[in-house]
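Residue-level listing of the chains:
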Amino acid sequence: MTDSSAGEKDPTDEAHSELGAGLLEADMGPSSAMAHLYRGEIHRMKFWRQRLDRTTNWAVLVISAILTWAFSRPDTPQYILLIGVATLSVFLVIEARRYRGYDIWRSRVRTLQKNVFAYGLDPSAEVPNPTWRRQLSRDYRTPTLKITMEEAIAHRLRRVYLPLFTVLLAAWLVRITAFASGSWTASAAIGMIPGEVVIAVVAVFYLGATVIALRPRTWRARGELRSKDLRK
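Residues numbered from 1 in each chain as written. Predicted model: local features only at pLDDT ≥ 70, side-chain atom pairs only at ≥ 80, totals over all residues. Heavy atoms only, no water.

Engineer: Any chance you could explain the overall build of the protein here in plain terms?
Structural biologist: Helices and strands together make up the secondary structure of the protein, namely seven helices and zero strands. Each helix (α) and strand (β) of the protein, taken in turn from the N terminus, gives the series α-α-α-α-α-α-α. Sequence separation of at least 24 residues holds for 75% of the intrachain contacts in the protein that already meet a minimum separation of 6. Summed over all atoms, the accessible surface of the protein reaches about 14,300 Å², with 62% contributed by carbon and sulfur. (Helix = DSSP H or I, 4+ residues; strand = E, 2+ residues; numbered from the N terminus. Contact = heavy atoms within 4.5 Å. Areas by Shrake-Rupley, 256 points an atom, 1.4 Å probe, with all protein chains shown as cover.)

Rendered as structure tokens:
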């Protein structure tokens, strides 16, 4: 190995220290291997971001159609709005699964941004994670989901779905009160299911969704614009 590359040895692996020489050279340009790797990760992250947006767009479109249908005629059954809640829940689960896939590529992009490009722009600041190369290498060897399904659901509830669920709840309450000929509990009944049971199920569902979305937690999805210091 030449003298120029000798200074690029990985001190943590003497037997294979020459592997990857030049990947992190100080004067790396747009044609370097690291830059190509970064562009590839950006492309995959963008692809999964678009899949998330498609799910959200379909959810908004379907809910808009259900709201229009529910208030188009006075005799339209109120449970149409509850069918909208169930449909929105399906979209939520699909989007949460896609968000877990999106987070794989997003976390890699953030690792490169924080430990390579940010350090290259300002070498006076220390590398945030000294073991980032080992962790990124392990992730390339064995890609794994980094966040739980519950956290992914909480994230999508906060960003998109909790407001949509709230709109459907408000529409349903208006439908069983302002448009009801009798008591609102009787108006909430679905077939042979008493209105009190329907109201209790709806209340439990919304309480559970609110708890999942807003309960304090340690977020494993790092680097998201979630905290106030990142939004400055």
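Engineer: How should the pattern of salt bridges be read in this particular structure?
Structural biologist: Close approach of charged atoms allows side chains with opposite charge to pair. Inspection of every chain in the model, using the stated rule, returns 10 salt bridges. The partner of Glu95 in a salt bridge is Arg156, and the shortest N-O contact between them spans 2.7 Å. A residue pair is termed long-range when its members are at least 10 positions apart, and Glu95 in helix H3 (residues 79–121) and Arg156 in helix H5 (residues 149–177) qualify at 61 residues. We classify Glu95 as buried; its relative accessible area is 0%. (Salt bridge = Lys/Arg side-chain N within 4 Å of Asp/Glu carboxyl O. Buried < 20%, exposed > 50% of the residue type's maximum accessible area, 1.4 Å probe, protein only.)

Engineer: Quick question: what am I supposed to make of the packing of H3 against H5 here?
Structural biologist: Packed helices, taken two at a time, are described by the angle between their axes plus the distance between the axes. Interaxial distance between H3 and H5 falls to 9 Å at its minimum, and their mutual angle equals 165 degrees. Looking at the two axes, H3 sits roughly antiparallel to H5. For the pair H3 and H5, the sense of crossing is right-handed. Residues belonging to the contact of H3 with H5 are distributed by class as follows: 19 nonpolar, three polar and five charged. (Axes fitted to C-alpha atoms, helices over the stretch in contact; angles between N-to-C directions. Parallel < 35°, antiparallel > 145°, perpendicular 65-115°, else oblique. Left-handed = near helix turned anticlockwise from the far one by under 90°. Nonpolar A, V, L, I, M, F, W, Y, C, P; charged D, E, K, R; others polar.)

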